[in-house]
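Structure at a glance
What follows is the residue order along each chain.
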Amino acid sequence: MLAAAAIAVLGMGVYLFIQVRATPAQAGSTGGPQTTAEKPPPRETQVAAVETKQPEPAAPVPGSTRTTWERTPTGNTPATAAGSEADDRKVDLKVDNLMELANKAYDAQDFDQAVAIAGKILSKEPNNVRMLRVMVSANCIQGDSAVAQQHYEKLPQFDREQMKQRCDRYGVVFKDP
């Protein structure tokens, strides 16, 4: 009896595994209840939490050559002529988050969204290789070889070779600048 139950459970497990693998996930489905996972706290909060949990360094041992370093709390750095270091980190985190969103949109095959986000970043950072690659790849897939060519020309040689191979699958052939 126990063996029959074990075989039945194993059979149901295999069946469920096959069904889940065979059904692709729908990114924007409208049917059924939507559940959203709770977003993790912003990266700044995580960094601040890590910094506050650090133990106090032990007092230096007389005669040792070990140097102790003091931490400057986030947000208390002196302002410079161009702005504070904390402001620079916030800008970097914003750009990093946008680049992550562009990559996620590309991975989800939402190429219009990926191109829009990458374009926003490239307007501020025209030589951002990661976003240039997203622009080239997404435009190749969408069949817009003229826009793909424009961004392709801005890529370093190594990345150009990779983009040639990737876009060749979609019938886009680049002209070297």
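Just above, that's the structure.
The notes below deal with the structure included here. (Residues numbered from 1 in each chain as written. Predicted model: local features only at pLDDT ≥ 70, side-chain atom pairs only at ≥ 80, totals over all residues. Heavy atoms only, no water.)

1. Quick notes on the packing of helix α5 (residues 129-142) against helix α6 (residues 145-152)
Selection rule: To obtain each axis, a line is fitted to C-alpha atoms, and for helices this fit is confined to the stretch in contact; angles are then taken between N-to-C directions over 0 to 180 degrees. Secondary structure counts use DSSP, requiring at least four H or I residues in a row for a helix and at least two E residues in a row for a strand, with both numbered from the N terminus. For this classification, under 35 degrees means roughly parallel, over 145 means roughly antiparallel, 65 to 115 means roughly perpendicular, and everything else is oblique. When the near helix sits turned anticlockwise from the far one by under a right angle, the crossing is termed left-handed; a clockwise turn instead gives a right-handed crossing. The contact criterion used is simple: two residues touch if any of their non-hydrogen atoms lie within 4.5 Å. Under the scheme applied, nonpolar residues are Ala, Val, Leu, Ile, Met, Phe, Trp, Tyr, Cys and Pro; charged residues are Asp, Glu, Lys and Arg; polar residues are all the others, including Gly.
With their axes 8 Å apart at the nearest point, α5 and α6 run at an angle of 160° to one another. Looking at the two axes, α5 sits roughly antiparallel to α6. By crossing handedness, the relation of α5 to α6 is classed as left-handed. The residues of α6 that touch α5, namely those facing Leu132, Met135, Val136, Asn139 and Cys140, are Val147, Ala148, His151 and Tyr152. Grouping the constituent residues of the contact of α5 with α6 by class yields seven nonpolar, two polar and no charged.

2. With respect to unusual backbone geometry
Counted only if it meets this: Accessible area is worked out with a 1.4 Å probe on protein chains only. A residue is then buried under 20% of its type maximum, exposed over 50%, and partly exposed in between.
With a phi close to 65°, Gln109 is a non-glycine residue in the positive phi region. Exposure remark for Gln109: the relative accessible area of 61% places this residue in the exposed category.

3. As for the packing of aromatic side chains
Rules: Note on aromatic contacts: the rings of Phe and Tyr and the six-membered ring of Trp form a pair at centre separations within 6.5 Å, being stacked when their planes are under 30 degrees apart, edge-to-face when over 60 apart, and tilted otherwise. Any Lys NZ or Arg CZ that is within 6 Å of a ring centre and within 35 degrees of that ring's normal is treated as a charge sitting over the ring.
Within the structure shown, the criterion is met by two aromatic pairs. Look at Tyr106 and Phe111: their rings are 5.4 Å apart centre to centre, the planes differ by 70°, and that puts the pair in the edge-to-face class. We note that Tyr106, like Phe111, is buried. Measuring from centroid to centroid gives 4.1 Å for Tyr152 and Phe174, while their planes differ by 5°, and the two rings are stacked. Taken together, the residues span a long stretch of sequence, with Tyr152 in helix α6 and Phe174 in the segment after α7 (157-168) at a distance of 22 residues. A relative accessible area of 0% places Tyr152 in the buried class. For Phe174, a relative accessible area of 9% translates into the label buried. Just above the ring of Tyr152 sits the side chain of Arg160; from NZ or CZ to the centre is 5.9 Å.

4. So, the pattern of salt bridges
It is possible for side chains of opposite charge to pair when their charged atoms get near one another. To be explicit about the condition: Any carboxyl oxygen of Asp or Glu within 4 Å of a side-chain nitrogen of Lys or Arg constitutes a salt bridge here.
Enumeration according to the criterion identifies three salt bridges in this entry. The partner of Lys104 in a salt bridge is Glu100, and the shortest N-O contact between them spans 3.2 Å. With a gap of four residues between them, Lys104 and Glu100 both fall in helix α3 (residues 85-107), about one helical turn apart. Under the relative-accessibility criterion, Glu100 is labelled partly exposed at 38%.

5. Quick look at the nonpolar core
Condition: For our purposes a nonpolar core is just a set of buried Ala, Val, Leu, Ile, Met, Phe, Trp, Tyr and Cys residues, chained together by side-chain atoms within 4.5 Å.
Ile121, Met131, Val136, Cys140, Met163, Cys167 and Phe174 are the most contacted members of the largest nonpolar core, which totals 27 residues. When residues of this core are traced back to their parent elements, those giving at least two are α3, α4 (111-124), α5, α6 and α7. With residues up to four places along the chain from it excluded, the contact list for Cys167 reads Val136, Cys140, Val172 and Phe174.

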